[in-house]
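The residues making up each chain are set out below.
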Protein chains: 2
Amino acid sequence: MQDNITKLFKAIADPTRRDIFHALVIATSALSITQISNQFEMTRQGVTKHIKILNDAGLVQMNEQGRNRFCYADPKPLQEVNKWMQFYSQFWDDSLDKLGGYLDSKNG
Amino acid sequence: MQDNITKLFKAIADPTRRDIFHALVIATSALSITQISNQFEMTRQGVTKHIKILNDAGLVQMNEQGRNRFCYADPKPLQEVNKWMQFYSQFWDDSLDKLGGYLDSKNG
DNA sequence: TTAATAAGCAACTAAAAGGTTGCTTAATTT
DNA sequence: AAATTAAGCAACCTTTTAGTTGCTTATTAA
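Residues numbered from 1 in each chain as written. Chains lettered and ligands numbered in written order. Predicted model: local features only at pLDDT ≥ 70, side-chain atom pairs only at ≥ 80, totals over all residues. Heavy atoms only, no water.

A. Broad picture of the overall build of chain A. Scanning chain A from terminus to terminus reveals 6 helices and 3 strands. For chain A, the sequential pattern of α-helices and β-strands runs α-α-β-α-α-β-β-α-α. Here chain A holds 108 residues, and the buried ones make up 48% of them. Within chain A, contacts between residues separated by at least 24 positions form 50% of all contacts whose residues are at least 6 apart in sequence. (Helix = DSSP H or I, 4+ residues; strand = E, 2+ residues; numbered from the N terminus. Buried < 20%, exposed > 50% of the residue type's maximum accessible area, 1.4 Å probe, protein only. Contact = heavy atoms within 4.5 Å.)

B. Representation of the protein's contact with DNA strand C in the model. The environment of DNA strand C is formed by 21 residues, the closest being Lys49(A), His50(A), Thr34(B), Arg67(B) and Arg69(B). In DNA strand C, atoms within 4 Å of the protein come from the sugar-phosphate backbone in 64% of cases. The separation between a base nitrogen of DNA strand C and a polar side-chain atom of Arg67(A) is 3.3 Å. Measuring from a base oxygen of DNA strand C, one finds a side-chain N or O atom of Gln45(B) at 3.3 Å. Contributing elements (two or more residues each) for the surface near DNA strand C: α2 (15-26) and α4 (44-56) of chain A together with α3 (33-38), α4 (44-56) and β3 (68-73) of chain B. Class assignment for the residues of the surface near DNA strand C results in 2 nonpolar, 11 polar and 8 charged. (Near = heavy atom within 4 Å. Polar contact = N/O pair within 3.5 Å; in protein donor to acceptor, adjacent residues only side chain to side chain. Nonpolar A, V, L, I, M, F, W, Y, C, P; charged D, E, K, R; others polar.)

Take it as geometry only, folks, not as evidence of what the structure does.
Right under this line is the structure:
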């Protein structure tokens, strides 16, 4: 359906998903779906859907144990986002003079 | 309605908008709406909507001249995204050993 | 001064997103 | 074995998103 980088951007474009992802990143152990749900004012099914999207983007991995599905964050795919941004970063990394001149040329 | 970082992420989450933004970044001069539209298989109104979203996110600036609205990219807001990612980058910047141990502790 | 061009606005449509409720299944406790 | 708990699945609803068509307005060119 959609390419990886789009999946990735869409995954982190939702504030709730950023919150879930963050909660998993700072967690000291993997958390079950229910444990995650308890931290949010949303039904477990709602959280499950978000987790699925994060998982499809590679940002959350699972670990099934009996009736539990322990989730943990995997920030590595964010490197792709970093890579995407690297090209554009040259335009803010450049000296302000150069950027100023560039913008002036477009404005004037 | 929604916070800046969310607007920013949503703006770049759409592939067409990333394409428009990229076209403006690499353009040697500011481009009118019509000039941009000609590069995409989409109506001018469709492009206008995308431009509006990019503009709301601060990624595209305008420059009205008569009946033309010349648009140019402003990548600076992407620094916010960069900042957001910096926190998570520690988890992929760390030595593989440390990351491995962290994951093992969650898996095991 | 009539043509043509650039773009805005509004209404509409189709599909996707974000979320819910209700029910089922499978694994654990008691 | 019965009750509880964790989670999946499907259907549904509402809002947002991505895009269209049609029309108007304002600027510029012939």
